[in-house]
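Results of the structural survey
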Amino acid sequence: MDLKIARDLGYDGIELSAAKMRAFLAAGWSETELAERLRPFNIPGIGFLLDIERHGADRAALMQDAAELFHLAELAGAKGVQAITGPVSLSAVQAHAAGQPVAAYRGTLGLSRDEQMRITAANLARLSGMAAEKGLILYFEALAWCPLNRIADQLELLDRAGRPNLKLVVDFWHCYASGDRPEDVALIDRDLIYGVHLCDSRPHFGGIPDEGVLRDVATGEGVLNLREWVDAVKSTGYVGWWSGELFCRRQHQDDSFQVAAEMKRLFEDLIH
């Protein structure tokens, strides 16, 4: 259905969910059949590789997950793979912040910033090397409730990792919820940007951001001045793909074709 929506509504491409690819294969379709379905489409990237700061006993699983995801990207004919920080679990971050025991995966919570930087940059360098062997870009996103979530942190990580195929994706919500603003986006070197996630938010008044609450709003109906954010990206000289991310539960239960058509009209107005 995602492919049909993209094709019928005239989208230029699709940022693909690896979870949906896995579900397609798990239902009994072959990798060849998957590749055939995807061949006509422009796929700038697939998402996503979780918890990229995994270290110690967790590092081997990270590398295995990466190898499997890069294989799916090859099947899809994708140009890149998205990598995100962790812990993805908001409850783990909240428990740590409250001084409570964290029974689940904790990533680099509790480590010094220098250690967080060292571990995450080393993993990004290794993962970027693996991606380069497949001819892929690794595009990085820091989650707003996790360590090293500011644009400045992400740029430092890219500099430390020092890999030409390592880029970042500008996600309006994660920027806003982390405390960054359009003027911070405008300072990014355009050559470091690979993709923009255009999205909206409810008001965030500080503290650990709850994505499920803050992103439950239709794009264009939240508190973000989307034109300012779009213009900030464009001011860098960036020319590339823009992807809509929609966490509005009401719209998830609406007519997907209508929602996607409205999103496309909004994008055309904001970007062009």
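Structure first, text after, so check above.
Let me begin by describing the structure that accompanies this report. (Residues numbered from 1 in each chain as written. Predicted model: local features only at pLDDT ≥ 70, side-chain atom pairs only at ≥ 80, totals over all residues. Heavy atoms only, no water.)

**Quick word on empty space enclosed by the protein**
- If you walk through the whole model with that rule in mind, you get two cavities of 30 Å³ or more.
- Every residue lining the largest cavity is counted, 15 residues in all, and those nearest its centre are Ile 151, Gln 154, Val 169, Asp 171 and Cys 175.
- Of all elements in the fold, only α7 (151-161), β5 (166-171) and α8 (172-178) reach the threshold of two or more residues within the lining of the largest cavity.
- Among the elements that take part in the lining of the largest cavity, β5 stands out by supplying four residues, more than any other. (1 Å grid on protein atoms, 1.4 Å probe; cavity = no way out; pocket = protein on both sides within 12 Å on 5 of 7 lines; lining within 4 Å. Points joined across faces, edges and corners; volume = space filled by probe spheres on them. Helix = DSSP H or I, 4+ residues; strand = E, 2+ residues; numbered from the N terminus.)

**A closer look at the layout of surface pockets**
- Each pocket or cavity is described by its volume, and for the second largest pocket that value is around 340 Å³.
- Met 1, Asp 2, Leu 3, Phe 24 and Leu 38 are, among the 14 residues lining the second largest pocket, the residues nearest its centre.
- The set of elements that each furnish at least two residues to the lining of the second largest pocket consists of α1 (2-9), β1 (16-17), α2 (18-26) and α3 (31-38).
- For the lining of the second largest pocket, the element with the most residues is α1, which contributes four residues.
- A breakdown of the residues in the lining of the second largest pocket according to their chemical character gives eight nonpolar, one polar and five charged. (Nonpolar A, V, L, I, M, F, W, Y, C, P; charged D, E, K, R; others polar.)

**Describing the packing of aromatic side chains**
- Scanning all chains against the criterion turns up seven aromatic pairs.
- Measuring from ring centre to ring centre gives 5.5 Å for Phe 172 and Trp 229, while their planes differ by 40°; the resulting arrangement is tilted. Here Phe 172 is found in helix α8, whereas its partner Trp 229 is found in helix α11 (residues 226-235), with 57 residues between them in sequence. Across the pair, exposure class does not vary: Phe 172 and Trp 229 are buried alike.
- Ring centres 6.0 Å apart and planes at 70° place the aromatic pair Tyr 238 and Trp 242 in the edge-to-face group.
- You can call Tyr 238 buried: its relative accessible area is 9%.
- What links up through ring pairs into an aromatic cluster is the set Tyr 139, Tyr 194 and Trp 241. (Phe/Tyr/Trp six-rings, centres within 6.5 Å; stacked < 30°, edge-to-face > 60°. Buried < 20%, exposed > 50% of the residue type's maximum accessible area, 1.4 Å probe, protein only.)

**Thoughts on the pattern of salt bridges**
- Counting across every chain of the model gives 16 salt bridges.
- Notably, a salt bridge pairs Lys 20 with Asp 2, separated by 2.7 Å at the nearest N-O pair. Taken as a pair, Lys 20 in helix α2 and Asp 2 in helix α1 lie far apart in primary sequence, 18 residues in all.
- For Asp 2, a relative accessible area of 31% gives the class partly exposed.
- For Glu 74, the salt bridge identified is with Lys 134, shortest N-O distance 3.4 Å. Taken together, the residues span a long stretch of sequence, with Glu 74 in helix α4 (residues 59-76) and Lys 134 in the loop between α6 (113-133) and β4 (137-141) at a distance of 60 residues.
- Residue classification places Glu 74 among the partly exposed residues on the basis of a relative accessible area of 41%.
- Taking the relative accessible area as the measure of exposure, Lys 134 reaches 41% and is therefore partly exposed.
- It is possible to trace a salt-bridge network through shared partners that takes in Arg 113, Asp 153, Glu 156 and Arg 160. (Salt bridge = Lys/Arg side-chain N within 4 Å of Asp/Glu carboxyl O.)

The values are spatial; any link to function lies outside them.
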